[in-house]
Amino acid sequence: MKVKNKFSSPLWSDSLMASNAFKEIKKLVAQIYAQTGETINFMEVCGTHTMAIAASGMRKFFPKELKMLSGPGCPVCVTSQCDIDRILAIAGIKDVIITTFGDMMRVKGSDGKDLHSMREQGADIRVLYSPLDALSIAVENKDKKIVFIGVGFETTAPIIAQTVFHAHSRKINNFFITPLFKLVPPALKAVLPEGGHKISGFILPGHVSVIIGAKAYAFVPKKYKVPCVIAGFEPMDIIGGINLLLIQIKNKSPKVETEYFRAVNMDGNKSAQAIMKKVLKIASAEWRAIGSIEKSGLVLNDAFKRFDAFKFFKIKQYLSKEPKGCICGKIIMGQALPADCRFFGKECTPSDAIGPCMVSSEGACAAWFKYEGQK
Ligand code: SF4
């Protein structure tokens with residue numbers, strides 16, 4: 001699945017390359033539209049792609065018959081409201097230190113609180129760049145319980161699994177995680193109901209694919225006849241990926257191709273897969289707006305379940321209401337664009353966000369607000 005992307009260039013500023021790429025895209029879109037009369041809807045599954053597309057401004061060069069939709073690949077955006085509420089419940093417990101990546105700080109719970117506001121009110125909440133730093137905090141604070149917020153996809157899960165394994169080996173017993181990991185392939189199934197979906201092709205996440213390998217997506221063209229290209233995150237990677245998708249459609253030959261072959265192979269990263277397998281197991285997971293998807297998440301396996309913060313603090317799952325009027329769910333399913341939301345850029349902005357798509361640095365609403373304005 002190594003594919004030569006004839007537009008590969010590390011330089012977005014290479015305007016001649018970009019202009020040739022857009023000419024080729026326009027030509028292919030016109031040919032396909034002439035045959036089908038239908039708009040081409042590509043979904044960029046990953047939030048990092050969403051941000052790269054918005055930041056580059058490439059959307060304005062696309063013909064109107066080509067649309068790019070965001071998908072369920074922003075970890076903060078897909079975390080269910082119930083799970084956000086459960087995290088905030090733990091943050092409110094005495095003698096707990098919450099450790100987290102920064103994106104989770106401003107995601108609001110059902111009652112309007114977030115980790116940021118709880119920290120202002122005295123909760124001990126610390127933003128880290130690596131979960132391994134949480135182990136040092138645990139060693140230095142033996143009288144406290146240290147909880148790392150474990151949300152993310154196959155990219156994040158290995159390092160958090162490694163951290164749990166270290167805690168186990170070093171007998172650090174005051175360290176816990178919230179095991180809320182999600183898997184990308186089952187999410188693709190959720191946006192592809194049999195019959196009736198409007199996705200013409202997927203730009204698949206480069207970093208997740210480094211871990212799981214290209215063959216993890218083979219079911220998409222096989223079962224759903226939808227073209228797939230794994231792309232890197234430079235603008236010319238994405239442009240090249242779109243070009244490859246269009247060629248697959250034109251040739252009526254859906255398959256999984258890898259534009260990002262400098263990092264992705266067929267089988268993925270075996271070491272990362274091994275540590276995930278050692279510490280985690282596949283389970284159903286709750287997704288924002290989608291609900292429970294069978295075998296779409298990773299939780300701690302029996303040998304490591306004592307590190308599960310929800311179990312230790314006996315925080316159960318319960319029904320939580322998503323913010324009224326927020327359409328994050330539709331946006332991550334490719335059914336709406338941020339500008340379709342009546343709150344976008346008015347009541348909801350990055351500094352005072354209603355839903356997670358405006359909070360996360362990978363959220364579609366944040367990307368549109370920052371780079372594309374209201375359209
Ligand atoms: S603009 Fe705000 S309220 Fe609307 S969908 Fe996005 S995050 Fe939700």
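Conventions we followed
Residues numbered from 1 in each chain as written. Predicted model: local features only at pLDDT ≥ 70, side-chain atom pairs only at ≥ 80, totals over all residues. Heavy atoms only, no water. Helix = DSSP H or I, 4+ residues; strand = E, 2+ residues; numbered from the N terminus. Rg over C-alpha atoms; globule rule 2.2 N^0.38 Å. Buried < 20%, exposed > 50% of the residue type's maximum accessible area, 1.4 Å probe, protein only. Contact = heavy atoms within 4.5 Å. Near = heavy atom within 4 Å. 1 Å grid on protein atoms, 1.4 Å probe; cavity = no way out; pocket = protein on both sides within 12 Å on 5 of 7 lines; lining within 4 Å. Sits in = over half its atoms within 2 Å of the grid points. Nonpolar A, V, L, I, M, F, W, Y, C, P; charged D, E, K, R; others polar. Points joined across faces, edges and corners; volume = space filled by probe spheres on them. Core = buried A, V, L, I, M, F, W, Y, C linked by side-chain atoms within 4.5 Å. Phe/Tyr/Trp six-rings, centres within 6.5 Å; stacked < 30°, edge-to-face > 60°. Lys NZ or Arg CZ within 6 Å of the ring centre and 35° of its normal. Disulfide = S-S within 2.5 Å. Pairing = 2+ DSSP bridges. Axes fitted to C-alpha atoms, helices over the stretch in contact; angles between N-to-C directions.

**A look at the overall build of the chain**
The helix and strand tally for the chain stands at 16 helices and 13 strands. Computed over its C-alpha atoms, the radius of gyration of the chain comes to 21 Å, within 12% of the 21 Å expected for a compact globule of 375 residues. In terms of overall dimensions, the chain has a C-alpha envelope of 65 × 45 × 40 Å along the principal axes. Out of the 375 residues in the chain, the part that is buried amounts to 57%. For the chain, contacts bridging at least 24 residues in sequence account for 77% of all contacts bridging at least 6.

**Here we look at the site of the ligand**
Taken together, C326, I327, C328, I331, C341, F343, F344, C348, I354, G355, M358 and C365 form the complete shell of residues around the ligand. For the ligand, the cavity whose grid points lie within 2 Å of the majority of its atoms is the largest cavity. The class makeup of the residues in the shell around the ligand is eleven nonpolar, one polar and no charged.

**Describing empty space enclosed by the protein**
In this structure the tally under the stated criterion is four cavities of 30 Å³ or more. Reported here for the largest cavity is a volume of approximately 90 Å³. Lining the largest cavity are C326, I327, C328, I331, C341, F343, F344, C348, I354, G355, M358 and C365. Space inside the second largest cavity adds up to approximately 50 Å³.

**Regarding the nonpolar core**
Counting residues in each nonpolar core, the largest one holds 99 residues, and the members touching the most others are F175 and F202. The contact partners of F175, leaving out residues within four places of it in the chain, are A134, L135, A138, I146, F148, T163, V164, A167 and F307. Core analysis: the second largest hydrophobic core is formed by 24 residues, A21, M58, V229 and I238 among them.

**Thoughts on the packing of aromatic side chains**
Enumeration according to the criterion identifies eleven aromatic pairs in this entry. When the centroid spacing of 5.3 Å and the interplanar angle of 85° are considered together, the rings of F101 and F148 count as edge-to-face. Placement of the pair is F101 in the loop between β3 (96-100) and α5 (115-120) and F148 in strand β5 (residues 145-148), with a sequence separation of 47 residues. Residue F101 is classed as partly exposed on the basis of its relative accessible area, which comes to 26%. Look at F148 and you get buried, because its relative accessible area is 0%. Taken together, a centroid distance of 4.9 Å and an interplanar angle of 85° make the contact between F312 and F313 edge-to-face. Taking relative accessible area as the criterion, F313 reaches 17% and is therefore assigned buried. Each member of the aromatic cluster is reached from another via a ring pair, and the members are F22, F61 and F62. Over the ring of W287 we find K182, and its NZ or CZ is 5.8 Å from the ring centre.

**Examining the state of the cysteines**
Under the definition given, this model contains one disulfide. Between C74 and C77 runs a disulfide, and the two sulfur atoms are separated by 2.4 Å. In this structure, the disulfide formed by C74 and C77 twists by about 70° around the S-S bond and is classed as right-handed.

**Digging into the sheet that holds strand β10 (residues 228-231)**
The strand order across the open sheet built from five strands is β2-β1-β9-β10-β11, with neighbouring strands paired in parallel fashion. This sheet does not close on itself; its edge strands, each paired only once, are β2 (66-70) and β11 (256-258). Going from strand to strand, the sheet's axes swing by 25° on average, the running direction of each strand aside. By the bridge criterion, four bridges tie strand β9 (residues 201-205) to β10 in an arrangement that is parallel. Each residue of the ladder has a partner; that of I203, found in β10, is V229. Helix α11 (residues 235-250) contacts β1 (40-44), β2, β9, β10 and β11 of the sheet and is inclined by roughly 165° relative to β10.

Geometric values such as these leave the question of function open.
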